[in-house]
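Listed here are the chains, written in short residue letters.
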Amino acid sequence: RDTSVTGVQTCALPILQVITFLESLMIDNKITTFNEDTIKQWIKNNNNGWSFDGKWIRKTYKTHSWKSTLMVVNAIGHLAELAWHHPDLVISYAFVEVKLMNHAKKGITQLDFDLAEKIDEFILWNPVEENLSLEGTPDDPRFAYVKRKK
């Protein structure tokens, strides 16, 4: 323990020890990166607008306004925190681009596929398609939210 000039006791850990510990939390040896063929096969099988650029899997969600964009960003942020896997986002007035890659592994892993699928499920969910009592977002442009393929 180290007592500073103010008299507050602190625990001084060497920075390298802290970094090593954090890296061990982030890198699970059971997680492996996928090769390009596997990634392209996942994209083909899911056929949901995701693409692979050689580094990231990515998808753009088109929105109707800044308000809608922020709602999408916050929803993705919520899912990312729950999953403890964080995408890169490109945000503009009427779109959100999601870029996924496992930063620790420097490649695409199952974590990326799983989060991509969960983001799609959540952002593109439409209760009308499930024949629920929920009416869904009205078609009226004043209430428009995420642009869906028709």
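Let us look at the structure shown here.

Criteria and thresholds
Residues numbered from 1 in each chain as written. Predicted model: local features only at pLDDT ≥ 70, side-chain atom pairs only at ≥ 80, totals over all residues. Heavy atoms only, no water. Helix = DSSP H or I, 4+ residues; strand = E, 2+ residues; numbered from the N terminus. Expected span 1.5 Å × (residues − 1). Buried < 20%, exposed > 50% of the residue type's maximum accessible area, 1.4 Å probe, protein only. Contact = heavy atoms within 4.5 Å. Polar contact = N/O pair within 3.5 Å; in protein donor to acceptor, adjacent residues only side chain to side chain. Pairing = 2+ DSSP bridges. Axes fitted to C-alpha atoms, helices over the stretch in contact; angles between N-to-C directions. Salt bridge = Lys/Arg side-chain N within 4 Å of Asp/Glu carboxyl O. Parallel < 35°, antiparallel > 145°, perpendicular 65-115°, else oblique. Left-handed = near helix turned anticlockwise from the far one by under 90°. Nonpolar A, V, L, I, M, F, W, Y, C, P; charged D, E, K, R; others polar.

Right, let's get into helix α4 (residues 110-123). With 14 residues, α4 should reach 20 Å at 1.5 Å per residue; the first-to-last C-alpha distance of 20 Å fits that figure. Turning to α4, its buried residues number three or more, namely Asp112, Phe113, Leu115, Ala116, Ile119, Asp120 and Ile123. Contact partners of the buried residues in α4: α2 (36-46), β4 (57-62), α3 (66-83) and β6 (95-100).

Turning to the environment of Glu36, a few remarks are in order. Mapped onto the elements, Glu36 comes out in helix α2. Take Glu36: its relative accessible area is 42%, and that puts it in the partly exposed class. Through-space distance from the C-alpha of Glu36 to that of Asp53 is 9.9 Å; in sequence the pair is 17 residues apart. A distance of 2.8 Å separates a polar atom in the side chain of Glu36 from a polar atom in the side chain of Lys40.

Right, let's talk about the sheet that holds β6 for a bit. Pairing within the open sheet is antiparallel, and its four strands lie in the order β3-β4-β6-β5. Each edge of the sheet is formed by a strand with only one pairing partner; in this case those strands are β3 (51-52) and β5 (88-92). Examined bridge by bridge, β3 and β4 share two bridges and lie antiparallel to one another. Each bridged residue has a counterpart across the sheet, and for Ser51 the counterpart in β4 is Arg58. On the sheet, α3 packs against β5 and β6 and is oriented at approximately 170° with respect to β5. Helix-sheet contacts for α4 involve β4 and β6, and the interaxial angle to β4 is about 10°.

With that settled, the discussion passes to the pattern of salt bridges. One pass over the structure, following the stated rule, counts six salt bridges. Measuring nitrogen to oxygen at the nearest pair gives 2.8 Å for the salt bridge that ties Glu36 to Lys40. With Glu36 and Lys40 both in helix α2 and four residues apart, the pair spans about one turn of that helix. Where Asp140 meets Arg142, a salt bridge forms, and the shortest distance between an N and an O atom there is 2.6 Å. Note on Arg142: relative accessible area 64%, which makes it exposed. Beyond isolated ion pairs, a larger network of salt bridges with shared partners links Asp53, Arg58 and Glu97.

A word on the packing of α3 against α4. With their axes 10 Å apart at the nearest point, α3 and α4 run at an angle of 140° to one another. In terms of orientation, α3 lies oblique with respect to α4. In terms of crossing hand, the pair formed by α3 and α4 is right-handed. Residues Val72, Ala75, Ile76, Leu79 and Ala83 of α3 touch α4, and the partners they reach there are Leu115, Lys118, Ile119, Phe122 and Ile123. When grouped by side-chain class, the residues that make up the contact of α3 with α4 number nine nonpolar, no polar and one charged.

Note that Asp120 resides in helix α4. Classification of Asp120 as buried rests on a relative accessible area of 8%. A polar contact of 2.7 Å, which involves the side chain of Asp120, links it to the side chain of Lys59. Side-chain polar atoms of Asp120 contact the side chain of Tyr61, separated by 2.5 Å. Once residues lying within four places of it in the same chain are set aside, the contact partners of Asp120 are Asn48, Trp50, Lys59, Tyr61 and Trp125.

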